[in-house]
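# Coordinate analysis (summary)
Here is what each chain is made of, one letter per residue.
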Amino acid sequence: LKTGTPPRILRKSIDFTSPYFQSELLLVTRKTSELSSDHIYTREELSSILNNQVLVSQTGTVTYDMLDIFVNEFGAVKANAVDSFTTASIQVMTNNAFAFTAEEPVALSYAYRNPDDLMVIHIAEDILSAEDYDSLSVSIGIKKGEDEFLTKVNGALEEITQTERDE
C-alpha cells in the first residue's frame, strides 16, 4: 500500500493503481474536555489552539512534512521527527508534544487504543491545498511492467463501492 503521490524514484520501479481511499489529516492530542473529536476546527479556532504548541510526527511521512502548514499558519512549533507513530503518541501522552499529525486510519487507531488518553481533532478542508489532499490518497503498488495485473486490480477497485472503500 502506498499513501500519497509516489516519489519519482519509486515510480521507476513500481506502478500504482488508481487511488482507492482518500484519507484525512488529523491531529491526535491528549484527551480533554476543552476539545471535541466531533467538531471540525476552523482556521480561527486552530490559531488560538495551536499557537506555540509543539507538534510532532513520524519521520519520512507526508504528515511530518505537513507540520509546516501548522507552523506557518498557526504559530505551532515543529518538533524533530520521531521514529514511529507510537513514539509520537508517547510524546503526546507525556506532555512533550501537544499533538501529532497522522492520516485518518492511523490517528483513529491510536485514539481507539488509548481512549482515556488520546483523541483526534478534525481540521477544516480549506486548511490543506488540493495537492496536500492528493498526497493523502491511498493506492496499491504493483511491480513495474505488470500492466495486465494493474488493469485487473484497477477493475476490481472500480467494483468496490465508496462506502465499502471507506469501511
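### Considerations on the pattern of salt bridges
- A full pass over the atoms with the stated rule returns 5 salt bridges.
- Measuring nitrogen to oxygen at the nearest pair gives 3.8 Å for the salt bridge that ties Arg43 to Asp126. Highlighted residues: Arg43 in helix H2 (residues 43-50) and Asp126 in the loop between strand E9 (118-123) and helix H7 (130-134), separated in sequence by 83 residues.
- In this structure, Lys78 and Asp68 form a salt bridge, with 2.9 Å as the shortest nitrogen-oxygen distance. Of the two residues, Lys78 sits in strand E7 (residues 77-78) while Asp68 sits in helix H4 (residues 67-74), which places them 10 residues apart along the sequence.
- Using a relative accessible area of 30% as the deciding quantity, one classes Lys78 as partly exposed.

### Here we look at the nonpolar core
- Formed by 25 residues in total, the largest nonpolar core has its most connected members in Leu27, Leu46, Leu50, Leu55, Phe70, Ile123 and Leu128.
- Those residues within four positions of Leu46 in sequence are excluded, and the remaining contacts are Leu27, Tyr41, Asn51, Phe74, Ile123 and Ile127.

Thresholds applied
Residues numbered from 1 in each chain as written. Predicted model: local features only at pLDDT ≥ 70, side-chain atom pairs only at ≥ 80, totals over all residues. Heavy atoms only, no water. Salt bridge = Lys/Arg side-chain N within 4 Å of Asp/Glu carboxyl O. Helix = DSSP H or I, 4+ residues; strand = E, 2+ residues; numbered from the N terminus. Buried < 20%, exposed > 50% of the residue type's maximum accessible area, 1.4 Å probe, protein only. Core = buried A, V, L, I, M, F, W, Y, C linked by side-chain atoms within 4.5 Å. Contact = heavy atoms within 4.5 Å.

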